[in-house]
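Summary of structural features
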Amino acid sequence: MTSAALRFSGQSFSFDFQRSSIPTRFDRFRILCNSSSPHSAAGADNSQSIKEESEAYPILLEKYANGTSKRYVVESDVQIRTILEDLLPESNVLQGQRIGNTDLYLSWIPKNVKDFILPAGFPDSVSDDYLEYILLLFPTNVTGWICHTLVTSSLLKAVGVGSFSGTSAAAAAAAIRWVAKDGIGAVGRLFIGGRFGNLFDNDPKQWRLYADFIGSTGSIFDLSTQLYPAHFLPLASLGNLAKAVGRGLRDPSFRVIQNHFAISGNLGEISAKEEVWEVAAELVGLALGILALDTPGISSSFPVLTSTWLGVRILHLWFRYLTLSVLRFNTINLKRARILVNSHVLSQIVPGIKECNRMENILVWENFLRPRITFGVPLEDMITGQKRGSEVRMLLKLYEEEKYFLVVNQLQTEFEVFVSFKEGATSLSVLRCVWQSYLLHQNWSKSDDVFAQLKLSLTELNNRFDGFLVQLEEAGWDTNLITLRVPQEITIQASHTV
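Let me sum up the structure you'll find in this document. Just so it is clear, the model here is predicted, and its values are computed rather than measured.

**Some details on the pattern of salt bridges**
- Inspection of every chain in the model, using the stated rule, returns 15 salt bridges.
- With a closest N to O distance of 2.8 Å, Arg320 and Asp212 form a salt bridge. With Arg320 in helix 10 (residues 302–325) and Asp212 in helix 7 (residues 204–224), this pair connects stretches of sequence that are 108 residues apart.
- For Asp212, a relative accessible area of 7% gives the class buried.
- A salt bridge links Asp222 to Lys243, with the shortest nitrogen-to-oxygen separation between them at 2.4 Å. Within this pair, whereas Asp222 is found in helix 7, its partner Lys243 is found in helix 8 (residues 232–261), the two being separated by 21 residues in sequence.
- By relative accessible area, Lys243 is classed as partly exposed at 27%.
- When salt bridges that share partners are traced, they join Lys205, Arg336 and Glu360 into one network.

Here it is in structure tokens:
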């Protein structure tokens, strides 16, 4: 979002606020209440009349992921009053979730920390034994890495580190440096798992390929340690950090892919057989790598070694791309939803599973797809006209039967759609707004009335969307496997409608 300021002004109120998806500092908003009469009694009467008027007009409550909320009160066609509310009580935040011992155990942990270390929707999104397992797994892994650190010094001493000094000090120092390198790399995995854990289910093919690209960057740092041995620790640490980030992307994506294969509930066997193939490939690769190092000119010449690595790495990335391209997911993520919707809007045809997966572009980031659809947009960014109060009323009426609000961004030359979801929105709601976005993109005219075009697109949506779902099922898609994530950063609750 670009930084901009909107100002609502009316007879008695003036509002200045900064555009932001989630307000974290309340001093960015300013509410000025001015009395139109110098007498206190008149001011009180005026406040009372405003209060009574606001109760009769539409009220929207915009809730943010950090627990704060903003209330929009439409007072006239050109005037909207905003009321910022502090963090909701714990009982309200947890409303609709499973209340029990789990919430009592974790009530002292800040919400941001919970979101970082636990899956979205916890505890409703996991089984009852998840938390107990994770809490016991943590000390298990701690003790395992302590053992790894102690054993590393013995391994380094066995290969000659510290043998010339006659003591174990050199081996211990080398072990500390080596383990420090691993520790810095582990920070990358911690960040990826905590910050981007909700991305892998939606597009595992893309993230698995990105993991190899990032891992390749880490290998470049490793190669450069031969040129700059005095900077071994920072270079090796950066290399390990990049490879750890890649591993953090790789492992969750790979688990989703394995789960896709296990159509008979045989995930354990699928994983075991995958391990067989991986170990066999590892043995062959190690043998060929040793043979290459024994080849005259490769190990003794750094340019030749680097060129050989680069050629093999490019071949590896190409094979990875081909491997992921043959996957045929029957779930509908955002990329596949775009392909399906675009085909249906243009030609009334829905591609099958194999064809749609073949058309899916693994490399392209979602933000670069067109038309551009921005989810989770604050209401203040969606209303840009002079009569903001009137616009809110029209939006409420237009989308009374939908679980979202959708407008076309009038401030950009390129076509862009803003979407904000209501409470209770589902993956099907996301699919509906994607369908409406593509219809608008195909028929949009800047010279025509904006709300008339929105109304027409909703009419077409209601007339044709059910047929679209029928065609999806006829093409082999399971409409129960729509994995379109509803953004939870911002949700809107309509308290009153018109």
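There's more to say after this.
**Re the packing of aromatic side chains**
- Tallying each qualifying case throughout the model produces nine aromatic pairs.
- Aromatic pair Trp318 and Tyr321: ring centres 6.0 Å apart, planes at 20°, arrangement stacked. Here the residue Trp318 and the residue Tyr321 both occupy positions in helix 10, the gap between them amounting to three residues, near one helical turn.
- The class of Tyr321 is partly exposed, set by a relative accessible area of 27%.

**Considering the nonpolar core**
- Judged by nonpolar contacts, the single largest core of 55 residues is most densely connected at Tyr404, Leu406, Leu431, Phe468 and Leu472.
- Not counting the four nearest positions on each side in its chain, Tyr404 is found in contact with Tyr399, Val419, Ser420, Phe421, Lys422, Ser429, Arg432, Cys433, Gln436, Leu458 and Leu461.
- Counting residues in hydrophobic clusters, the runner-up holds six residues, among them Ile257, Leu327, Phe329 and Ile362.

**As for the sheet that holds strand 8 (residues 404–408)**
- Reading across from one edge, 7-9-8 is the order of the three strands in this open sheet, with mixed pairing throughout. Two strands lie at the open edges of the sheet, namely strand 7 (372–375) and strand 8, each paired on one side alone. Going from strand to strand, the sheet's axes swing by 20° on average, the running direction of each strand aside.
- Pairing of strand 8 with strand 9 (residues 416–421), which is carried by five bridges, proceeds in the antiparallel orientation. Bridging from a neighbouring strand, Val407 pairs with Phe418 of strand 9.

Conventions and cut-offs
Residues numbered from 1 in each chain as written. Predicted model: local features only at pLDDT ≥ 70, side-chain atom pairs only at ≥ 80, totals over all residues. Heavy atoms only, no water. Salt bridge = Lys/Arg side-chain N within 4 Å of Asp/Glu carboxyl O. Helix = DSSP H or I, 4+ residues; strand = E, 2+ residues; numbered from the N terminus. Buried < 20%, exposed > 50% of the residue type's maximum accessible area, 1.4 Å probe, protein only. Phe/Tyr/Trp six-rings, centres within 6.5 Å; stacked < 30°, edge-to-face > 60°. Core = buried A, V, L, I, M, F, W, Y, C linked by side-chain atoms within 4.5 Å. Contact = heavy atoms within 4.5 Å. Pairing = 2+ DSSP bridges. Axes fitted to C-alpha atoms, helices over the stretch in contact; angles between N-to-C directions.

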